[in-house]
Amino acid sequence: MKPAELMALGDKNIMATYRRFPLVLTRGKGCGLWDVEGRKYLDFVAGIAVCNLGHCHEAVVSAVKKQAETLFHISNLYHIEPQIRLAALLVANSFADKVFFCNSGAEANEGAIKLARKYASERMTPGRYELITMVNSFHGRTLATVTATGQEKFQAGFSPLVEGFKYVPFNDLEALEGAIGERTCGVLLEPIQAEGGIRIPDKDYLAGVRDICDRHGLLLILDEVQVGMGRIGKLFAYEEYGIEPDIVTLAKALGNGFPVGAVLAKDHVAEVFQPGTHASTFGGNPLAAAAALATLEVLLDSPVLDNCRRMGDYLVSRLAELAVRRAIIKEVRGKGLLIGIELNAEGGPIVEECIREGLLVNCIGGKVLRLVPPLIVSEQEIDEALRILDSVLQDK
């Protein structure tokens, strides 16, 4: 079937929840993707910060193949060996004492919201259920997580929204403290706002949030769905800021492309989840756990995180040079390999031109190009991406 026929068949049968580019991608390896006609693209989207080890990483492919030949799925009514091993490795390398497994970032954040409310109902004074989140945040597409998301465009058409959320500006400790009331039970935020335009906090902001939560007896929940699993050069983003949260959510890169999410929590919080209070049919099933375990082992035992830091610095420095030559670039910001290029014009046409030249990037918030290549990206691949971007931005 020809590409146009495939896309027409998809448009006929799939709900139109995405504005898809006219590409049918069929194969990937490392930082490269190939379409149905065999053309190669340099991938600086990585499934939206999902394929941190690149496409079809040998260790992950091998783990999934081996598990698929043994056991696809069993219920969480039984003990699951790869899930147990994955949980133990996450706990051993994080602040957490316990893990709950699910299937996606939205589901992880939904679980964290439920965990916070259950904790508040059992351990706090009556009537505390409200979470403070940040303007321009993004936490998912379920009713609760879209309400937690501090962007009206994602909430439009879904009223009535879920009660119990209040919004304050990101990176503003005074506003956060001023928003705390008798119903507040916790604070939910992304350490770096990714969908919100790659917004980096001040150096002491997260430490200040932790202090505020401690003084007011609140839970601190960090949404690391996009920034965790090595994306900023450390396994978890909270490590970069020298704090420990009470709850962290993970997904995206946890399975390097295999759907899996997780809620990590300290014991005193996690223990309020008892049999019957929360569940997920597919959460941490054998295939998902095997993929995530292999991904985590590579991140811990190889130079991938070091490469992320070095290549992130290299990419930002090269982009700073590009910004001097191209007036359309307003600002370059980022950490590790989570990079935003704010433009003085709409970014959609730039993305389309990059695709035509063989480079995949995406645009968030209308004017911010997001570059999130696999963490294994090389200098040569960065140079090629910048060559294409420079050419596209010429005369803009």
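A brief structural summary. Since we're looking at a predicted model, the values are computed, not measured.

Reading the values: the criteria
- Residues numbered from 1 in each chain as written.
- Predicted model: local features only at pLDDT ≥ 70, side-chain atom pairs only at ≥ 80, totals over all residues.
- Heavy atoms only, no water.
- Phe/Tyr/Trp six-rings, centres within 6.5 Å; stacked < 30°, edge-to-face > 60°.
- Helix = DSSP H or I, 4+ residues; strand = E, 2+ residues; numbered from the N terminus.
- Buried < 20%, exposed > 50% of the residue type's maximum accessible area, 1.4 Å probe, protein only.
- Lys NZ or Arg CZ within 6 Å of the ring centre and 35° of its normal.
- Pairing = 2+ DSSP bridges.
- Axes fitted to C-alpha atoms, helices over the stretch in contact; angles between N-to-C directions.
- Contact = heavy atoms within 4.5 Å.
- 1 Å grid on protein atoms, 1.4 Å probe; cavity = no way out; pocket = protein on both sides within 12 Å on 5 of 7 lines; lining within 4 Å.
- Points joined across faces, edges and corners; volume = space filled by probe spheres on them.
- Nonpolar A, V, L, I, M, F, W, Y, C, P; charged D, E, K, R; others polar.
- Core = buried A, V, L, I, M, F, W, Y, C linked by side-chain atoms within 4.5 Å.
- Disulfide = S-S within 2.5 Å.

### Section: the packing of aromatic side chains
Under the counting rule described, the total for this entry stands at five aromatic pairs. Judged by centre distance (5.3 Å) and plane angle (70 degrees), the ring pair of Phe170 and Tyr205 falls under edge-to-face. Taken together, the residues Phe170 in the loop between β6 (165–168) and α8 (173–179) and Tyr205 in helix α9 (residues 205–216) connect sequence positions 35 residues apart. Residue Phe170 shares its accessibility class with Tyr205, and that shared class is buried. A connected cluster of aromatic rings, assembled from ring pairs, spans Phe95, Phe236 and Tyr238. When the ring centre of Trp34 is taken as reference, the NZ or CZ atom of Arg27 above it lies at 4.0 Å.

### Let's talk about the sheet that holds strand β12 (residues 338–343)
Sheet strands line up and pair through hydrogen bonds in the backbone, either parallel or antiparallel. Taken together, four strands build an open sheet; the order of strands is β11-β12-β15-β14 and the sheet is antiparallel. Since the sheet does not close on itself, it has two edges, and those belong to β11 (329–335) and β14 (362–364), each with one partner. Between one strand and the next, the sheet's axes are offset by a mean angle of 30 degrees, whatever the strand orientation. Examined bridge by bridge, β14 and strand β15 (residues 368–371) share three bridges and lie antiparallel to one another. In the sheet register, Asn362 faces β15, and the bridge partner there is Arg370. Taken strand by strand, helix α14 (residues 348–356) contacts β12, β14 and β15, and its axis lies near 170 degrees from that of β14.

### Focus on the sheet that holds strand β1 (residues 25–29)
Here we have four strands laid out as an open sheet, ordered β1-β2-β3-β13, and mixed in their pairing. The open sheet has two edge strands, β1 and β13 (359–360), and neither has a second partner. Looking at chain direction, strand β2 (residues 32–35) and strand β3 (residues 40–43) are connected through three bridges and run antiparallel. By the bridge assignment for β3, Leu33 is matched with Tyr41.

### Overview of the layout of surface pockets
In this structure, the second largest pocket occupies an estimated 890 Å³ of space. Along its surface, the second largest pocket is lined by 29 residues, and Asn76, Gln83, Val99, Phe100 and His278 are the ones closest to its centre. Elements represented by at least two residues in the lining of the second largest pocket include exactly α4 (81–92), β4 (98–102), β10 (261–265) and α11 (267–270). Of the residues forming the lining of the second largest pocket, the biggest block, four residues, is contributed by β4. Among the residues forming the lining of the second largest pocket, the class breakdown is 15 nonpolar, eleven polar and three charged.

### Considerations on the nonpolar core
Within soluble globular proteins, side chains that are nonpolar tend to cluster in buried spots. Ranked by size, the top nonpolar core spans 94 residues in total, and within it Phe44, Val187, Leu189 and Met229 carry the most contacts. When residues no more than four places from it in sequence are discounted, the contact partners of Phe44 are Leu315, Leu359, Leu360, Val361, Arg370, Leu371, Val372, Pro373, Val377, Glu381, Ile382 and Ala385.

### A word on the state of the cysteines
Throughout this description, disulfide means a covalent bond between two cysteine sulfur atoms. Applying the stated criterion across every chain, the model contains zero disulfides. Lacking any disulfide linkage, Cys102 is separated from the closest cysteine sulfur, that of Cys51, by 18 Å. Unpaired in this structure, Cys213 has its nearest cysteine sulfur neighbour in Cys185, at a distance of 10 Å.

### Points about unusual backbone geometry
Omega for the bond connecting Ser159 with Pro160 falls within 30 degrees of zero, at 0 degrees, which places this linkage in the cis form. You can see Pro160 is positioned in the loop between α7 (152–155) and β6. In this structure, Cys56 is a non-glycine residue whose phi angle is positive, near 55 degrees. Inspection of the secondary structure assignment puts Cys56 in the loop between α2 (46–49) and α3 (58–68). Phi at Met229 is positive, roughly 55 degrees, even though this residue is not glycine. Residue placement: Met229 occurs in the loop between β8 (219–223) and α10 (237–240). Assessed through its relative accessible area of 1%, Met229 is described here as buried.

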